Amino acid sequence: MKLIRFGQQGNEKPGIIINDKKYSLPGFTDDYNEDFFENNGIERLSTYIASGQLNELPADVRLDSPICRPSKIVCIGLNYADHAAESNLGLPKEPIIFLKATSSLAGPNDELVIPQNSQKTDWEVEFAVVIGKKASYVSEKDALQYIAGYCLFNDYSERAFQLERGGQWVKGKSCDTFGPLGPFMATPDEVGDINNLRLWLSVNGKIMQDGNTANLIFKVPHIISYVSQFMTLLPGDIISTGTPAGVGMGQKPEPAYLKSGDRVEYGIDGLGSAGQLVK
């Protein structure tokens, strides 16, 4: 299944994509949140869809984050060797974990708002995992059983806030609109081989990132197991697995950052595409 949330900001409702068409679920009131995933929501939704109570939506309906305010967004830093190299940082011996504020979540095609006093707003296309059930001290061999689905994500970052202001990376990661998720959450059966997915990003029509999840340093099962040793992952939580080379900070001979009027577009095999106009 492909889960969506649609509607005007503050009034989003759950929906579904079937054969590339978007549908509302007029008799299904559960939002796609922690309670939904914790209480067999995917199974209940499948049963509901089989009843045929669906209303087709306009193709241009606004989409929001397909997950409603998770308890946390966990990000993995420097998880592609080429990105670590362009950042002038060594390969990590263990996954680098940082958190991104859930208030940064946005719809996949909402505007990206450059924060006040920003000079170095950057892009990072990423493959994200949605946790399906409570996970604590999970073994790597069992990790895939804890996944509800996968999403396209952009871990927008303000590099000066992140790297030049002291403290933790979260300051450069959590600005409003810095976490567009979607267009949809795809259940695992929709995605195929998660270790061979192309991910790409362009700015103003020029391809800047063109990578593949085959090049992840730490694979998804290891990441889930590792993170669960330090914190309990709750249903609906998001883990974003890192970005390949091609971010603005790594451009040669000079870094290139986003400015008002730029257009960012990006996608992942099986997980659709998204884009933001920079405001």
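Predicted, not measured: the structure shown is a model, and the values here were computed from it. (Residues numbered from 1 in each chain as written. Predicted model: local features only at pLDDT ≥ 70, side-chain atom pairs only at ≥ 80, totals over all residues. Heavy atoms only, no water.)

Draft legend 1. Spatial organisation of the sheet that holds strand β18 (residues 263–268). A sheet is described by the order of its strands in space; here four strands give the open sequence β16-β15-β18-β19, paired in antiparallel fashion. Each edge of the sheet is formed by a strand with only one pairing partner; in this case those strands are β16 (206–212) and β19 (272–277). Direction aside, the axes of adjacent strands within the sheet are offset by 10 degrees on average. Two elements, strand β15 (residues 198–203) and β16, share six bridges in a ladder whose sense is antiparallel. Of the residues in β16, the one forming a bridge with Val-203 is Lys-206. (Pairing = 2+ DSSP bridges. Helix = DSSP H or I, 4+ residues; strand = E, 2+ residues; numbered from the N terminus. Axes fitted to C-alpha atoms, helices over the stretch in contact; angles between N-to-C directions.)

Draft legend 2. A look at helix α2 (residues 41–50). Among the residues of α2, Gly-41, Leu-45, Tyr-48 and Ile-49 are the ones counted as buried. Down the axis of α2, the sector holding all buried residues measures 100 degrees, keeping them to one side. What points out from α2, more than 90 degrees from its buried face, is the exposed set Thr-47 and Ala-50. Considering only its buried residues, α2 is in contact with β1 (2–6), β2 (13–18) and α1 (34–38). (Buried < 20%, exposed > 50% of the residue type's maximum accessible area, 1.4 Å probe, protein only. Arc of directions from axis to C-beta. Contact = heavy atoms within 4.5 Å.)

Draft legend 3. Examining the pattern of salt bridges more closely. Summed over all chains, the structure comprises 18 salt bridges. Arg-5 is the salt-bridge partner of Asp-31, the closest N and O atoms lying 2.8 Å from each other. One end of the pair, Asp-31, is in the loop between β3 (21–24) and α1; the other, Arg-5, is in strand β1, with 26 residues separating them in the sequence. With respect to burial, Asp-31 and Arg-5 carry one shared label: buried. (Salt bridge = Lys/Arg side-chain N within 4 Å of Asp/Glu carboxyl O.)

Draft legend 4. Structural view of the side chain of Lys-72. Within the secondary structure layout, Lys-72 lies in the loop between β5 (63–64) and β6 (73–77). Given a relative accessible area of 15%, Lys-72 falls into the buried group. Side-chain polar atoms of Lys-72 contact the side chain of Ser-71, separated by 3.2 Å. Polar side-chain contacts of Lys-72 include one of 2.8 Å to the backbone oxygen of Thr-232. With residues near it in sequence (within four places) discarded, Lys-72 still touches Thr-102, Met-231, Thr-232, Leu-233, Leu-234, Asp-237 and Ile-238. (Polar contact = N/O pair within 3.5 Å; in protein donor to acceptor, adjacent residues only side chain to side chain.)

Draft legend 5. A look at the nonpolar core. Within the largest apolar cluster, 50 residues are counted, with the highest numbers of intra-cluster contacts made by Ile-224, Ile-239 and Leu-271. When contributions to this core are tallied by element, the ones reaching two or more residues are β1, β6, β10 (125–131), β11 (147–154), β15, α6 (220–228) and β18. If we skip the residues at most four places from it in the chain, Ile-224 touches Val-129, Ile-131, Ala-143, Ile-147, Leu-233 and Ile-239. Formed by 25 residues, the second largest nonpolar core is a distinct cluster that contains Leu-3, Phe-37, Phe-98 and Ala-148. (Core = buried A, V, L, I, M, F, W, Y, C linked by side-chain atoms within 4.5 Å.)

Draft legend 6. Molecular detail of the environment of Gln-119. Within the fold, Gln-119 resides in the loop between β8 (105–106) and β9 (121–122). The exposed category is assigned to Gln-119, whose relative accessible area is 65%. Put simply, Gln-119 and Lys-259 are 140 residues apart on the chain and 8.5 Å apart in space, counted from C-alpha to C-alpha. When near neighbours in sequence (up to four residues on either side) are disregarded, Gln-119 contacts Glu-158 and Tyr-257.

Draft legend 7. Representation of α6 within the structure. Burial of α6 is extensive: eight of the nine residues sit out of reach of the surface. Taken together, the buried positions of α6 are Val-220, Pro-221, Ile-223, Ile-224, Ser-225, Tyr-226, Val-227 and Ser-228. Looking at the packing, one finds that the buried side of α6 touches β6, β7 (96–100), β10, β11 and β17 (238–240).

Draft legend 8. Summary view of the state of the cysteines. Taken as a whole and judged by the stated rule, the model has zero disulfides. For the unlinked cysteine Cys-68, the closest cysteine sulfur is that of Cys-151, found at 13 Å. (Disulfide = S-S within 2.5 Å.)

Draft legend 9. Summary view of the environment of Ser-139. Along the chain, the position of Ser-139 falls in the loop between β10 and β11. Ser-139 sits in the partly exposed class, given a relative accessible area of 28%. Linking Ser-139 and His-222, residues 83 residues apart in sequence, is a C-alpha distance of 8.4 Å. Within the structure, the side chain of Ser-139 is placed 3.0 Å from the side chain of Asp-142, a separation counted as a polar contact.

Remember, this is a structural readout, not a statement about activity or role.
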